[in-house]
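Chain by chain, the residues run as shown.
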Amino acid sequence: MPEQRTPDLSSLAARAALARGVASRRTVVSGVFGIGATLALAACGSKGTKETAGGSASPSAKAATDLSDTEKLVNWSNWPEYIDVAESGGGHPTLEEFTKKLGIKVNYTEDYNDNDEFYAKVRPLLAAGEDTGRDTWCSTDWMVARLIRQGYVQPLDLANIPNHGNVEGSLLNVEFDPGRKYSLPWQSGFAGIAYNPKATGGKKIETVDQLLTDPALKGRVTLLTEMRDTVGLVMMAMGKRIDKFTDADFMAAIDEIKKAKEAGQIKGFTGNEYTKPLASGDTAACIAWTGDVVQLQADNPALGYVLPETGCTLWSDNFVIPALAKHKKNAELLINYYYDPAVMAQVVDYVNYISPVQGTKEVLTKADPGVADNQLIFPSPATLERAQVFRGLTEEEETKYNQAFQSVVTG
Amino acid sequence: MTEAVSAGPARRRRRRLNWVPYALLAPGMLWLIVFFAVPTVSLVSQSLQTGDVFNGYTLTWHVQTYVDALSTYWPQLVRSLVYAGLATVFTLLLGYPLAWFIAHRSGRFKNVLLVLVIAPFFTSFLIRTLAWQTILGNGGLLETTTDALHLSWLLHGFESFLGLVGLGTGNQLLYTPFAVVAGLTYNFLPFMVLPLYANIERLDLRLVEAASDLYATPASAFRKVIWPLSLPGVVAGTLLTFIPAAGDYINSVLLGSTQTVMIGQVIDSQFLRVLNYPLAAALSVSLMALIITFVTVYVRRAGTEELV
């Protein structure tokens, strides 16, 4: 029966046009398809976080019903190799101790490789008002600033964290979270210059200028994809302060990096993966984070590490509790546990970053004096003098600076 | 009476014939709609939207994004196509003799060799690519081997040659365009070998014999008989290699330098780091359009429309 083969045209107008012979069947079908496609394209818009808050400042994060008392569990996402590991391999002694003491199991996942990547992973869930399946994670300062600004993290209940008073004085009143209402630091560190004397012919690399212009390093320098560390070091080398700088200062630093890149000086921009080529000598010199280099030096004592005279960046990765976390109280108890200097000492002794907890050094002076004396782990006031913290950025600045920096990275 | 009885089953059979193919198609169609059609529409839509991640996006038919994307990032787009093209040529040069050997000369080792071709898939793509860092790197396997054999002059000669033809820096193998193309060639070789093998294995060797009986030299037998017959395999293999290679960025990230950035890296950085979703989407759509154009022209010229 021929009627059955007629395409099902939903539009009466199209059917009428077809009957009058104005349109051929094919144009009608493609027209209907075209309208459908247009509607589909239009349906794909997305809502931002601000609309719900009526355009006011920071929206607030929603809390879920806290299951902490019934489910003795906490889900923690952290960066790889960022916690103590048992000598026998496998197992994290401090975590096991926590479970033993409080009866709370910790799902410890090392799936935080990169701030941007992690943000891309959890943002759709947070924006849709859904649980991320995580009760806490450790974000770098500027990412914490963004998460607070967007209302994606909940205020900490300090009643569950009696040890919060142990936080280092200098880290208490940070620009993005004065008084630490939303976040508490997990570890801090510097970004400085690392070099492999084998690959530099024994030459010491001590300044950013050498990194960017020394012909002896041509094509064997890596910088970090972490914009604030790379551009921060260059800006300081140009005599600016990274806690207060202008657009022009930033763009001047970007131009310096671009010049070095176009001259073939820079081999690449990396995340954590700079360590292997540095140890093998494929990378002669690079911008590197303290803890990584201290760990590398254990196997290869010849590796050099310098906090440049002109200044180095100081950053922290901070515990935050995301919106709708199901075990908020357990996460707070976990944070409290690590704010005990004796526990933090065990972690720092292994990961070799800077402890944000007062009293850690006293514990380690007895337990492991070598670590306690290391300037990169327990910096003296003179060392800290060189360190600066990158100032907070507005949304527009963040977009503009990221665009400028990424156009050099992938240009 | 008899007519009515015979008409019943016949009609039922016809109805079943009409219904079954659609039922069989349904899972595939559903799959395509959910995992291809919807994402593609969403991608095209995203590329025409304006706004930002923090405040949301609206569709404004902002075509300027495409102009910006292409005027800024055309070198990376062209580079991706060139690298993918080179890798395709190299996989063909390596894969064709290999496929021929496995199909017609390997005897009882045929299955073993086929498994060996697929074996690299048993480890992760990332690990396989990282292994090339260790092989090509400073003090790596290649360097220590050539040193031990007193052949480092050969290695340095090759490095200088690469520098001259613009595929290297003249003093190293790793972190050069050569390393990226080599990584792509290695990673996509099985995609070339398997379709070629499937095609060449069915090739009737008696036709080759007939050609030589008719005084064809081996070269002209290859050119006039073997090559045209294996063309469907060649086309399938080159498409399976070229298309994913053009969008690949792992090889460029791990084996390349700041001078070898491919379009996949740009899309990644725009999407994840700059959070400029429209630009990233516009670049993805442009890449897709370019590849479709390339493939259409190529398949037309190769004269094997029935394949696609």
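Residues numbered from 1 in each chain as written. Chains lettered and ligands numbered in written order. Predicted model: local features only at pLDDT ≥ 70, side-chain atom pairs only at ≥ 80, totals over all residues. Heavy atoms only, no water.

1. With respect to the overall build of chain B
Scanning chain B from terminus to terminus reveals 12 helices and 2 strands. Taken against the 2.2 N^0.38 rule, which gives 19 Å for 308 residues, the C-alpha radius of gyration of chain B at 25 Å runs more than 25% over that of a compact globule. C-alpha atoms of chain B, sized along the principal axes, occupy 95 × 75 × 35 Å. Every one of the 308 residues in chain B was classed for burial, and the buried ones make up 41%. Looking at chain B alone, contacts between residues at least 24 apart form 69% of all its contacts between residues at least 6 apart. For chain B, the accessible area works out to roughly 17200 Å², and carbon and sulfur atoms hold 70% of it. Taking the average location of the 18 positive side-chain charges in chain B and that of its 14 negative ones, the two points are 16 Å from each other. (Helix = DSSP H or I, 4+ residues; strand = E, 2+ residues; numbered from the N terminus. Rg over C-alpha atoms; globule rule 2.2 N^0.38 Å. Buried < 20%, exposed > 50% of the residue type's maximum accessible area, 1.4 Å probe, protein only. Contact = heavy atoms within 4.5 Å. Areas by Shrake-Rupley, 256 points an atom, 1.4 Å probe, with all protein chains shown as cover. Lys, Arg positive; Asp, Glu negative; His and termini not counted. Charge placed at Lys NZ, Arg CZ, Asp CG, Glu CD.)

2. Side note on the packing of helix 8 (residues 227–237) of chain A against helix 9 (residues 247–262) of chain A
Residues and elements named next belong to chain A. In contact at an axis separation of 9 Å, helix 8 and helix 9 are set at 95° when each is read in the N-to-C sense. When the axis of helix 8 is compared with that of helix 9, the two are roughly perpendicular. Judged by residue contacts, Met227, Thr230, Val231, Val234 and Met235 of helix 8 engage Asp249, Phe250, Ala253, Ile254, Glu256 and Ile257 from helix 9. Class assignment for the residues of the contact of helix 8 with helix 9 results in 8 nonpolar, 1 polar and 2 charged. (Axes fitted to C-alpha atoms, helices over the stretch in contact; angles between N-to-C directions. Parallel < 35°, antiparallel > 145°, perpendicular 65-115°, else oblique. Nonpolar A, V, L, I, M, F, W, Y, C, P; charged D, E, K, R; others polar.)

3. Structural notes on the packing of aromatic side chains
All names here are of chain A. Here the structure, examined in full by the defined rule, presents 34 aromatic pairs over all chains. Clustering of aromatic rings is evident, with ring pairs tying together Trp76, Tyr82, Phe98, Tyr108, Trp186, Tyr274, Trp289, Trp315, Phe319, Tyr337, Tyr338 and Tyr353. Lying across the ring of Tyr119, Arg146 places its NZ or CZ 4.5 Å from the centre. Over the face of the ring belonging to Phe245 we find Arg391, whose NZ or CZ atom lies 4.3 Å from the ring centre. (Phe/Tyr/Trp six-rings, centres within 6.5 Å; stacked < 30°, edge-to-face > 60°. Lys NZ or Arg CZ within 6 Å of the ring centre and 35° of its normal.)

4. Remarks on the confidence of the model for chain A
Close inspection of predicted coordinates is inappropriate for parts of the model with low pLDDT. Residue and element names in this part refer to chain A. Here chain A shows a mean pLDDT of 86. Residues at 70 or above account for 86%. Of the regions scoring below 50 in pLDDT, residues 1–23 engages in 13 contacts with residues more than four places distant in sequence or in other chains. Within the model, pLDDT remains below 50 along residues 49–57, and this stretch shows 10 contacts once partners closer than five positions in the same chain are excluded. (pLDDT = per-residue confidence, 0-100.)

5. Observations concerning the interface of chain A and chain B
Taken together, the contact pairs 43 residues of chain A with 36 residues of chain B. Both faces considered, chain A and chain B share a buried interface measuring about 3200 Å² in area, 52% of it formed by carbon and sulfur atoms. The tally of links between chain A and chain B comes to 2 salt bridges. As a salt-bridge pair, Arg273 of chain B and Asp116 of chain A come within 3.2 Å of each other at their nearest N and O atoms. (Buried area = accessible area lost by both parts, 1.4 Å probe. Salt bridge = Lys/Arg side-chain N within 4 Å of Asp/Glu carboxyl O.)

6. What about the side chain of Arg123 of chain A?
Here Arg123 of chain A lies in helix 4 (residues 115–127). The side chain of Arg123 of chain A sits in the buried core without any salt bridge; Asp52 of chain B is the nearest counter-charge, 8.6 Å away. With near-sequence residues (within four places) excluded, Arg123 of chain A lies in contact with Tyr152 of chain A together with Val53 and Tyr277 of chain B.

7. Quick look at the confidence of the model for chain B
Residue and element names in this part refer to chain B. The predicted model of chain B averages 88 in pLDDT, with 93% of residues at 70 or higher. Note that residues 1–7 has pLDDT below 50 and, in this model, 0 contacts with residues that lie over four places away or in other chains. In the predicted complex, the global pTM is 0.81; the interface-specific ipTM is 0.77.

8. What about unusual backbone geometry?
If you check the backbone angles, Arg180 of chain A has positive phi at about 55° while not being a glycine. Among the structural elements, Arg180 of chain A can be located in the loop between strand 6 (177–178) and strand 7 (183–195). Located in the positive-phi region is Leu275 of chain B, a residue other than glycine, with phi close to 60°. Note on placement: Leu275 of chain B falls in the loop between helix 11 (263–273) and helix 12 (277–302). A residue is classified by how much of its surface remains accessible, and Leu275 of chain B, at 7% relative accessible area, is buried.

9. Some words on the environment of Ile291 of chain B
All names here are of chain B. Summarising the element assignment, Ile291 is placed in helix 12. The class of Ile291 is buried, set by a relative accessible area of 10%. Taking C-alpha positions, Ile291 is 15 Å from Ala281, a pair spaced 10 residues apart along the chain. Each residue touching Ile291, except ones within four places of it in the same chain, is listed here: Ile243 and Ala246.

10. Quick notes on a nonpolar patch on the surface
A contiguous nonpolar surface patch, about 1200 Å² in accessible area, is contributed by Tyr22, Leu25, Met29, Leu30, Trp31, Leu32, Ile33, Val34, Phe35, Phe36 and Val38 of chain B. Within the secondary structure layout, Val34 of chain B lies in helix 1 (residues 2–47). (Patch = residues over 30% accessible without salt bridge, like charges linked within 9 Å, V, L, I, M, F, W, Y side chains within 5 Å.)

11. Here we look at the environment of Leu364 of chain A
Note on placement: Leu364 of chain A falls in helix 14 (residues 360–367). If we ignore the near neighbours within four places in the chain, the residues touching Leu364 of chain A are Ala345, Val348, Asp349, Pro369, Val371, Ala372 and Phe378 of chain A.

12. Describing helix 5 (residues 141–149) of chain A
Most of helix 5 of chain A is tucked away: 7 of the 9 residues are buried. Within helix 5 of chain A, burial applies to Asp141, Trp142, Met143, Val144, Arg146, Leu147 and Ile148 of chain A.

13. Considering the packing of helix 2 (residues 64–104) of chain B against helix 7 (residues 177–202) of chain B
Residues and elements named next belong to chain B. At their nearest, the axes of helix 2 and helix 7 sit 6 Å apart, and the two run at 40° to each other. As far as their axial angle goes, helix 7 and helix 2 are oblique. Note that helix 2 runs across helix 7; the crossing there is right-handed. Its residues assigned to classes, the contact of helix 2 with helix 7 comprises 23 nonpolar, 5 polar and 1 charged. (Left-handed = near helix turned anticlockwise from the far one by under 90°.)

14. Considerations on the domain arrangement of chain B
How big an interface is tends to be reported as the loss of accessible area on association of its parts. Entries for chain B in the domain assignment read domain 1 (2–36) and domain 2 (73–137 + 174–302). Using only C-alpha atoms to locate each centre, domain 1 of chain B and domain 2 of chain B end up separated by 40 Å. (Domains from an automatic or database assignment.)

15. Focus: the nonpolar core
Judged by nonpolar contacts, the single largest core of 117 residues is most densely connected at Trp76, Trp186, Leu223, Val231, Phe250 and Tyr338 of chain A. Sort the elements by how many residues they give to this core and strand 7 of chain A lands first, with 7 residues. When residues no more than four places from it in sequence are discounted, the contact partners of Val231 of chain A are Phe250, Ala253, Ile254, Ile257 and Phe405 of chain A. Counting residues in hydrophobic clusters, the runner-up holds 34 residues, among them Ala69, Phe242, Met262 and Leu287 of chain B. (Core = buried A, V, L, I, M, F, W, Y, C linked by side-chain atoms within 4.5 Å.)

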